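Each chain is listed here by its residues.
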Amino acid sequence: MQRSAPRLTRILACAAVPVMLVVAGCSSDSGDSGKPKAQETTGASATPSPVQTTKAVEPAKFAKLPQVCRSVSAKTTEALVPKAKTKAGTPGVSSDLNSRGGCSWNGLDDKGVKGSQYRWLDVSVYRYESDASLGSGQERAEENLAKEVAKIEGTAGAKKLRTVAAPGVGDEAKAVTYHESKTGEDFVYTSVVARTGNVLVLLSYNGAGYAGAPTPSEKTITDGAVKAAREAVVSVAAANK
């Protein structure tokens, strides 16, 4: 079938230009707008790119952690844990001492015919960095304080459990006291969870009487735990001066 002269001329012209241009402007006789097809669709579909924003977070207050075995004074640890096996404390294992650390003391004070008193003290510290996706270091410490308190309150076998605020210990603190039977004896526990800035201090102090010795009072254990926690919190600020 013979083609008309104008159409034949157009086909020959299209054959002489690059393929990409052919797709844009010489595909068939169906385009009547006079504009290349790519040009027609571009104006309708183009939308502005969304602007990417980064959430600004408050900088972390503390950049370092104290040496945890020195975070509670020797005078206090000696009073709380008489006859401690290691007076300087046993440091916990940590792969990043700038983010977490711990130390513990334990000992049995043998009082002869009056029985023995056992005491155990443990201090752990955690530092949280500010992160745009997770929140500020302070916010993260606040969230984990609530989680740690809930975890302690869920201790299996805990009896007579009560949670109170521990005023004067950091920015905020909770003390959880309870009884638990172990090795045939009644142990009294107090755990203090305290926050100072972006650092969380977890302190646990417990004791029991053996061989007829009396069980320590809740007041004795709670007062000792709060005193040690207060010193540990203060040591965080001292380490960052």
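See the structure printed just above.
Before going into details, it helps to say that this report is about the structure given with it. (Residues numbered from 1 in each chain as written. Predicted model: local features only at pLDDT ≥ 70, side-chain atom pairs only at ≥ 80, totals over all residues. Heavy atoms only, no water.)

Bringing the state of the cysteines into the picture now. Under the defined criterion, the tally for this structure stands at one disulfide. Linked covalently through their sulfurs, C69 and C103 form a disulfide whose S-S length is 2.0 Å. Given an S-S torsion of about 100°, the disulfide between C69 and C103 has right-handed geometry. Of this pair, C69 sits in the loop between helix 3 (37-45) and helix 4 (74-80) while C103 sits in strand 2 (residues 100-110), and the two are 34 residues apart along the sequence. The exposure class assigned to C69 is partly exposed, which follows from its relative accessible area of 21%. (Disulfide = S-S within 2.5 Å. Helix = DSSP H or I, 4+ residues; strand = E, 2+ residues; numbered from the N terminus. Buried < 20%, exposed > 50% of the residue type's maximum accessible area, 1.4 Å probe, protein only.)

So, on to the pairing of strand 2. Relative to strand 2, strand 1 (residues 90-91) runs antiparallel, the two being bridged by two bridges. Residue P91 lies in a different strand from strand 2, and its bridge partner there is C103. Here eleven bridges tie strand 2 to strand 3 (residues 116-127), and the two strands are oriented antiparallel to one another. Bridging across to strand 3, G107 finds its partner in R119. Adjacent in sequence and paired antiparallel, strand 2 and strand 3 are bridged by five residues, among which G112 carries a positive phi angle near 65°. (Pairing = 2+ DSSP bridges.)

As a further point, take the sheet that holds strand 3. Strand order across the open sheet formed by seven strands is 1-2-3-7-6-5-4, with antiparallel pairing between neighbours. Among the strands making up the open sheet, the edge pair consists of strand 1 and strand 4 (159-165). With respect to the sheet, helix 5 (residues 137-153) is in contact with strand 4, strand 5 (172-182), strand 6 (185-196) and strand 7 (199-210), its orientation differing from that of strand 6 by roughly 170°. Across the sheet, helix 6 (residues 218-239) lies against strand 3, strand 4, strand 5, strand 6 and strand 7, angled at about 150° from strand 7, the strand it touches most. (Contact = heavy atoms within 4.5 Å. Axes fitted to C-alpha atoms, helices over the stretch in contact; angles between N-to-C directions.)

This next bit is on the pairing of strand 5. Pairing geometry for strand 4 and strand 5, over five bridges, is antiparallel. The residue of strand 5 that forms the bridge with A165 is K174. Linking two consecutive strands that pair antiparallel, namely strand 4 and strand 5, is a turn of six residues; a positive phi of about 80° is found at G168 within it. Pairing of strand 5 with strand 6 involves eleven bridges; the strand directions are antiparallel. Within strand 6, the position partnered with A175 by the bridge is V192. Hairpin connection between strand 5 and strand 6: a loop of two residues separates the two successive antiparallel strands, and T183 in this loop has a positive phi of roughly 50°.

Attention shifts here to the nonpolar core. In terms of nonpolar packing, the biggest core is built from 31 residues, with L121, V123, V169, V201, L203 and Y205 touching the most fellow members. Of all the elements in the fold, those that place two or more residues in this core are strand 2, strand 3, strand 5, strand 6, strand 7 and helix 6. Ranked by residue count, the leading element in this core is helix 6, at eight residues. Setting aside anything within four residues of it in sequence, one finds V201 in contact with V123, S124, V125, V192, V193, A194, A232, V233 and V236. Within the second largest apolar cluster, 13 residues are counted, among which are A141, V149, L200 and L202. (Core = buried A, V, L, I, M, F, W, Y, C linked by side-chain atoms within 4.5 Å.)

Functional significance is not addressed by these values, which are geometric in nature.
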